[in-house]
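# Report on the structure
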Amino acid sequence: PFSRRVMEELPGGAVDGRTRAMLKIEDGCVNFCTYCVIPYARGRVRSLPPERCSAQAGELSAEGFRELVVTGIEIASYGKDLEPTCTLADAIEAIAGASGEMRIRLGSLEPTVVTEDFCQRLKATGKVCDHFHLSLQSGCDRTLKNMNRKYDTARFYESVRLLREAFPDCGLTCDLIVGFPGETEEDHRASLDFIRKCGFSAVHVFPYSKRPGTKAADMPGHLPNAVKAARASDAQTVADEAETEYLRACVGKTLPVLFEREEDELSIGHASNYTQVCVHKGHLRKLVENVKITGIIDKMLVGKIV
């Protein structure tokens, strides 16, 4: 894998009938987090040149897609291998210039890519969805260091602040690994407190899973499955509370919704902040409509077309 230096360009698109398309702009990763085997399997960072990003976005727009998800293995490192080098913001600007009526959604982001310049450039396109998925992994500085993550909780929270400053009320989601080798009960509680502080709209919780060949696999202090399961349950409770609070804050707001499917007499889709929304009206699929949110059913927002 480490000998790979050329980006394999994959055609952007989606399964037939979908309203949202995918565009892979990057492959590989050199972060070498201690729990992760991806750098050894996928190799170094390779990026799709901005002009090819732009060309594919134009083709997908012409095909009628209404949303484009910009994805890759670690898109925050986009452009480091190109000559001259460029950044993820450069790629997003190139895509936005050719994307027509498509709105743009970003895949998972490393927090360190989020700077004031990054946020302002994305906002200036007028097309980037106000939902950002940040790779947190732990809310405890000691655990982050053991994971070989490239930030601490203070830097992560700065990313949260900058995104909310540029995109008020944006949806922020994250991944969280619990039960990492050596994680104490105090570390776990610190992580949960940080989740509460950030106020995520959703959290994907995972118990730590050993991957042969990674540094974490050989670390001392591996925890029993029962402990990892209990901590995952704790974290999911906190995550559910945060999600409920975010959904409640959406009631009364008007959100742009891309409708994706119909069930009975309902049209269902995702708002720009990635909340799921339904309205009691049919034949809206593939349309983007402004919806006034009037309530919540389970974890789905309910509203009326404005």
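Presented here is a report on the structure given in the accompanying data block.

About the cut-offs
- Residues numbered from 1 in each chain as written.
- Predicted model: local features only at pLDDT ≥ 70, side-chain atom pairs only at ≥ 80, totals over all residues.
- Heavy atoms only, no water.
- Pairing = 2+ DSSP bridges.
- Helix = DSSP H or I, 4+ residues; strand = E, 2+ residues; numbered from the N terminus.
- Axes fitted to C-alpha atoms, helices over the stretch in contact; angles between N-to-C directions.
- Contact = heavy atoms within 4.5 Å.
- Expected span 1.5 Å × (residues − 1).
- Buried < 20%, exposed > 50% of the residue type's maximum accessible area, 1.4 Å probe, protein only.
- Arc of directions from axis to C-beta.

Next up on the list: the sheet that holds strand E6 (residues 171-178). Pairing is parallel in the open sheet, where three strands are placed in the order E5-E6-E7. Bordering the open sheet on either side are strand E5 (131-137) and strand E7 (202-207), each of which pairs with just one other strand. With strand direction ignored, the average angle separating the axes of adjacent strands in the sheet is 15°. Here six bridges tie E5 to E6, and the two strands are oriented parallel to one another. Following the sheet pairing, histidine 133 is matched in E6 by threonine 173. Its contacts with the sheet put helix H6 (residues 153-166) on E5 and E6, and the angle it makes with E5 is roughly 175°.

Looking now at helix H2 (residues 50-62). Since the α-helix turns once every 3.6 residues, residues separated by three or four places project in the same direction. End to end, H2 covers 18 Å across 13 residues, agreeing with the expected 18 Å (1.5 Å per residue, within 8%). All of the buried residues along H2 are Cys53, Gln56, Ala57 and Leu60. One face of H2 carries all of its buried residues, which in axial projection span an arc of 105°. Those residues of H2 that are exposed and angled more than 90 degrees off the buried face are Glu51 and Ala62. Note on H2: the residue one or two positions beyond its end, glycine 64, has a positive phi of about 100°.

Here is the key point about a regular strand: its side chains alternate between the two faces of the sheet. Within strand E1 (residues 20-27), seven of the eight residues are buried, which leaves the element mostly enclosed by the surrounding structure. Both E1 and strand E3 (residues 67-72) contribute to a ladder of six bridges, which runs parallel. When the sheet's bridge partners are listed, alanine 21 is paired in E3 with leucine 68. Pairing analysis gives two bridges linking E1 to strand E2 (residues 46-47), with the strands arranged antiparallel. Residue pairing across strands places glutamate 26 opposite serine 47, the latter belonging to E2.

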